[in-house]
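Spelled out, the chains give:
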Amino acid sequence: MSPPTIYKFGKLPRHVAIIMDGNGRWAKAKNMMRVQGHRAGAESVRDVVKAAGEFGVKYLTLYAFSVENWKRPKSEIHTLMGLLETFLRDELPEMIKNNVRLQAIGRLSDLPENVRDQLHACIHATRQNTGLVLILALSYSGRVEIIEAVHSIIREIKLGHLDSAQIDEQVFNHHLYTRYYPDPDLLIRTSGEMRLSNFLLWQLSYTEIYITSTLWPDFRRQHFAEALIDYGNRQRRFGSV
Ligand code: IPE
Ligand code: IPE
Ligand code: MG
């Protein structure tokens, strides 16, 4: 086996978010079932999570299932949920070994009970880990997240814990699922689609975007490294000169 490539990064993004897209197209191109694309995609998740930790990325958010994805055929949803449960169960020892802390965002109550139980077990088992924070977006919708934040703010006002005049970006941020994490510095979307698909609408306001035509099941450590190197050459201005 050849030794692993040593990459030289410029400035590294602290938080990378990925829209893992193209599993279906990958399978179709190989005359396989979509399900096999999802299975191959799980391998990419393993590889990229490992690489992210090794490269020194602090937060990695993966868009694994959107609220809109519940519109897919029942059989595909069933497979995806099964893969998720298997992934969580099989990867737990690896997450512990690699000091990964697992977190999840989204409408988690939508998930089947077995998946939810496994998810909470992994979150609990890795809660003391201090390395990469791996955040899975599950039954996630950026618009739902914002609406839920509004409801939560209204509740606080009604309870007298908050004055409406105090609402600013920081307060609002505090009511989002992502309140514990910094905004993503880099967003990667695989398989060439140029859209956000309802992902982190609030949080991506100043995120650098990297779109690659590589399909998710083909996306591995070296593709991830290429995205990080590209990010290192970006000039972020945040509206100033
Ligand atoms: C991404 O691949 C996986 C999920 C959205 C769950 P897709 O299943 O969307 O693959 P394409 O876009 O049809 O190729
Ligand atoms: C976005 O991919 C959601 C996830 C990767 C989980 P989709 O395949 O669902 O997005 P659209 O439908 O192409 O916008
Ligand atoms: Mg897709």
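Residues numbered from 1 in each chain as written. Chains lettered and ligands numbered in written order. Predicted model: local features only at pLDDT ≥ 70, side-chain atom pairs only at ≥ 80, totals over all residues. Heavy atoms only, no water.

### Description of the layout of surface pockets
The volume enclosed by the largest pocket comes to roughly 730 Å³. Surrounding the largest pocket, 31 residues form its lining, Met20, Tyr63, Ala64, Phe65 and Asn69 being those nearest its centre. Of all elements in the fold, only helix 1 (23–29), helix 2 (34–55), strand 2 (59–66), helix 3 (74–97) and strand 4 (133–140) reach the threshold of two or more residues within the lining of the largest pocket. Reported here for the second largest pocket is a volume of approximately 210 Å³. (1 Å grid on protein atoms, 1.4 Å probe; cavity = no way out; pocket = protein on both sides within 12 Å on 5 of 7 lines; lining within 4 Å. Points joined across faces, edges and corners; volume = space filled by probe spheres on them. Helix = DSSP H or I, 4+ residues; strand = E, 2+ residues; numbered from the N terminus.)

### Observations concerning the site of ligand 2
Taken together, Ile19, Met20, Asp21, Tyr63, Ala64, Phe65, Ser66, Asn69, Arg72, Arg189, Arg195 and Ser197 make up all the residues around ligand 2. With respect to ligand 2, the side chain of Asp21 contributes an N or O atom lying 3.2 Å from an oxygen atom. One nitrogen or oxygen atom from the side chain of Arg189 is found 3.5 Å from an oxygen atom belonging to ligand 2. For ligand 2, the protein covers 78% of the area, taking 390 Å² as the surface of the free molecule. Among the detected pockets, ligand 2 sits in the largest pocket. For the shell around ligand 2, the leading source of residues is strand 2, giving 4 residues. Here the shell around ligand 2 is composed, by residue class, of 5 nonpolar, 3 polar and 4 charged. (Near = heavy atom within 4 Å. Polar contact = N/O pair within 3.5 Å; in protein donor to acceptor, adjacent residues only side chain to side chain. Areas by Shrake-Rupley, 256 points an atom, 1.4 Å probe, with all protein chains shown as cover. Sits in = over half its atoms within 2 Å of the grid points. Nonpolar A, V, L, I, M, F, W, Y, C, P; charged D, E, K, R; others polar.)

### Focus on the pairing of strand 2
A regular strand places its side chains on the two faces of the sheet in alternate fashion. Counting buried positions along strand 2 gives 7 out of 8 residues, so the element sits mostly inside the fold. Sheet topology note: the strand 2/strand 4 ladder contains 7 bridges and is parallel. By the bridge assignment for strand 4, Leu62 is matched with Leu136. (Buried < 20%, exposed > 50% of the residue type's maximum accessible area, 1.4 Å probe, protein only. Pairing = 2+ DSSP bridges.)

### A word on the site of ligand 1
The full set of residues close to ligand 1 is Met20, Asp21, Gly22, Asn23, Gly24, Arg25, Arg34, His38, Ala64, Asn69, Arg72 and Leu80. Gly22 places a polar main-chain atom, nitrogen or oxygen, 3.4 Å from an oxygen atom of ligand 1. Contact with the protein chains hides 86% of the accessible area of ligand 1, taken as 380 Å² for the molecule alone. Where the shell around ligand 1 is concerned, the elements lending two or more residues are helix 1 and helix 2. Here the residues of the shell around ligand 1 are counted per class, giving 3 nonpolar, 5 polar and 4 charged.

### Thoughts on the environment of Cys122
Along the chain, Cys122 falls in helix 4 (residues 113–125). On the accessibility criterion, Cys122 (0% relative accessible area) is buried. Sequence separation between Cys122 and Thr79 is 43 residues; the distance between their C-alpha atoms is 20 Å. Other than its neighbours up to four places away in sequence, Cys122 contacts Leu88, Leu92, Met95 and Leu102. (Contact = heavy atoms within 4.5 Å.)

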